[in-house]
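# A look at the structure
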Amino acid sequence: MSLIAPARSTADTDGSGRGKPQMIQAVPVRHPGRWACAVVILAFAAMLAQSLVTNENFRWDVVGTYFMDVLVIQGIGWTLLLTVLSMVIAITLAILLAFMRESENPLFRSVSWVWVWFFRGTPVYTQLVFWGLIAVLYPKISLGVPFGPELFAFDTQDIVTAFVAAVLGLGLNESAYLAEIFRAGLKSVDNGQMEAAEALGMRKSRIMWRIILPQAMRIIVPPTGNETIGMLKTTSLVLAVPFTLDLTFATNGIANRSYLPIPLLIVAALWYLVITSILMVGQYYVERHFGKGVDNFVRIPVDKATAVKPAAVKVVTAGDSNESGVKEMEEKP
Amino acid sequence: MSVTTDTLTKPALVRIDGVHKYYGQHHVLRGIDMTVRQGEVSVLIGPSGSGKSTLLRCVNMLETINAGRIHVNDELVGYRERGGRLHDMNAKQIAAQRREIGMVFQRFNLFPHRTVLQNIIEAPTQVKRQSKAAAKTRAMELLERVGLVHRANHYPAQLSGGQQQRVAIARALAMDPELMLFDEPTSALDPELVGEVLNVMKELAASGMTMIVVTHEIAFAREVGDTLTFMDGGVVVESGDPREIIANPQHDRTKEFLARVL
């Protein structure tokens, strides 16, 4: 009862006694159209590459000069910081909002619904301007007894700086979109999972966190990666706050001073492309993590308490006679 | 089987009295009375739509009942009686009651993102707050009992249906329930895998576990069951010794059903 399936083609193993079967050596279908298309595409690509190199209006020398400029690198830093912080806020809120939306509590459901309705329903640019102006609306933030004495008071502009306003504006807006992505993910998990966990006596919050959400992540990660990459570029809207240190603002500033918009747009675009590529690599690993048991079977490290030597395997039940009926799944590397 | 006479003297573990269940206008359970004694294997059969699965799900509150009472271990299921009125249990109390009742589903419902071992230790460590080491030791004992020690570190998708269902049984047993509910445990299995699951259930019955089994396996009912209940149209048509009912059904509907499945 070998679990490793032997290759069927080895001589005389098919049990028929007729030796090695004659392997099919079919002539593959030809695809002349593909070749023709490939030639055309390559020709266009070569022309494009040639124009990129020879067209002096691109000013690659300027691109080279400013590619590692201090202002540009600082801009990248701020853009990354804005992206990461606003996505962290958005993801945290989205999990909460999605759980609330799926809750039995009508209050939670309504709050979540209204949040998504509002933050998805108004333009992000408007929201960013609004957060920038919050200190005009509410000059002071105070903590205290409602309608009673106040305990602490702050000037709003000390707390909600341009950076904080930008992060809040981006994060809260994004949370509404992500909440729907997370909700879709939660809904994609089979009801039987909830029932099985309930039948084991687990509480709903724990089931959502440990059973439903990890499975939903398979569905949630790809669109969330999309949103993260979108956010990377949406951060260029923070000049609405106004917050003026991000990558786009930095390259625009240089462009305006040097009257060379095209090479600096290229600098910004190349950097966005680089960061997006790095994010895509990250997404690959996140997807692999949450695909465990479904998309891939990366074996968990066998711990010593449960490690079983093949020789020690004892088949106890009488019914366990059909090990051969077991489909051994291929382990993807 | 002498189990029948032994269990008849045991105290009742599950008492179902006058239970009704509606889905909107649809009257699914129409006054069910049933008793399951400690150590008894009670088999529920009947055509699909007869309400047998619904009844099973009512016992651990996956469905709520609209009338009647269900007691498990002399405790009212799903409600608290105070001042002559019933109060809904809160989520915490319901979870506590469910811990005493294991359930095995037709579609296994193993957690696909967890290995076999992780599936089994999930509830003991998370709900009962057992240490991981203790839960693992117990899990390996249970895996040995269902003959799957060598599959401990596999994912459910790497197992056959029969193996998955045996893991599901081990997972339910890990909570040390007093009562096990089986909802058509072999209906989703290829015919040649049914036997291995029934064998585990047989062994479990022999160890004295109280079981309510919804099934279409008449041979299992005859061999392992202490009582057989035939349901149709939301009522209990006939109930009693499995061998007698199968050999000599009293009701026309029972006769008709058995003639079709045997």
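Cut-offs applied
Here the residue index of a chain counts from 1 through its sequence in written order. Chains carry letters and ligands carry numbers; both start at the beginning, A for chains and 1 for ligands, and go up in the order they are written. Where totals are concerned, whole chains, interfaces and linings use all residues; where local detail is concerned, this predicted model gives features only for residues with pLDDT of at least 70, and gives and counts side-chain atom pairs only at 80 or more. Remark: hydrogens and water are excluded; side-chain values derive from all non-hydrogen atoms of the structure. Numbered from the N terminus, helices here are DSSP runs of H or I no shorter than four residues, and strands are runs of E no shorter than two. Exposed residues in this analysis have more than 50% of their type's maximum accessible area, buried residues have under 20%, and partly exposed residues fall in between, with area computed by a 1.4 Å probe over protein chains only. All accessibility values rest on the Shrake-Rupley procedure with a 1.4 Å probe; residue burial counts only the protein chains present in the view. Positive residues here are Lys and Arg, negative ones are Asp and Glu, while His and the chain termini are left out of the count. By convention, charge coordinates are those of NZ in Lys, CZ in Arg, CG in Asp, or CD in Glu. Residue-level confidence of the predictor is summarised by pLDDT, bounded by 0 at the bottom and 100 at the top. Contacts: residue pairs with any heavy atoms within 4.5 Å of one another. Working definition: a ring pair exists when centres of Phe, Tyr or Trp rings (six-membered ring for Trp) sit within 6.5 Å. Plane angles under 30 degrees give stacked, over 60 give edge-to-face, the rest tilted.

### Concerning the overall build of chain B
What chain B contains, in helices and strands, is ten helices and twelve strands. Considering only C-alpha atoms, chain B reaches an extent of 50 × 50 × 40 Å along its principal axes. Put simply, chain B has 262 residues, and 59% of those count as buried. For chain B, the computed accessible surface area is about 10400 Å², with 47% contributed by carbon and sulfur atoms. Between the centroid of the 31 positive side chains of chain B and the centroid of its 30 negative side chains there is a distance of 7 Å.

### Here we look at the overall build of chain A
Across its full length, chain A holds twelve helices and two strands. Split by element, the accessible area of chain A, about 21000 Å² in all, is 66% carbon and sulfur.

### Structural notes on the confidence of the model for chain A
Detailed conclusions should not be drawn from predicted coordinates in areas where pLDDT is low. Residue and element names in this part refer to chain A. Residues at a pLDDT of 70 or more form 84% of chain A, whose mean pLDDT is 86. Under a pLDDT of 50 for its full length, residues 1–13 has, in the predicted model, 13 contacts with residues more than four places off or in other chains. Note on residues 308–333: pLDDT is under 50 here. Beyond four places in sequence and across chains, it has 46 contacts.

### Brief notes about the packing of aromatic side chains
Residue and element names in this part refer to chain A. Summed over all chains, the structure comprises eleven aromatic pairs over all chains. With centroids separated by 4.7 Å and ring planes inclined at 40°, the aromatic side chains of tryptophan 115 and phenylalanine 119 adopt a geometry described as tilted. One end of the pair is tryptophan 115 and the other is phenylalanine 119, both in helix H4 (residues 106–121) and four residues apart, which spans about a single turn. Classification of phenylalanine 119 by relative accessible area gives buried; the value is 11%. Between phenylalanine 118 and phenylalanine 119, the ring centres sit 5.2 Å apart and the planes meet at 90°, which makes this aromatic pair edge-to-face. A relative accessible area of 40% places phenylalanine 118 in the partly exposed class. An aromatic cluster is present here, built from Trp78, Phe163 and Phe243 joined pairwise through their rings.

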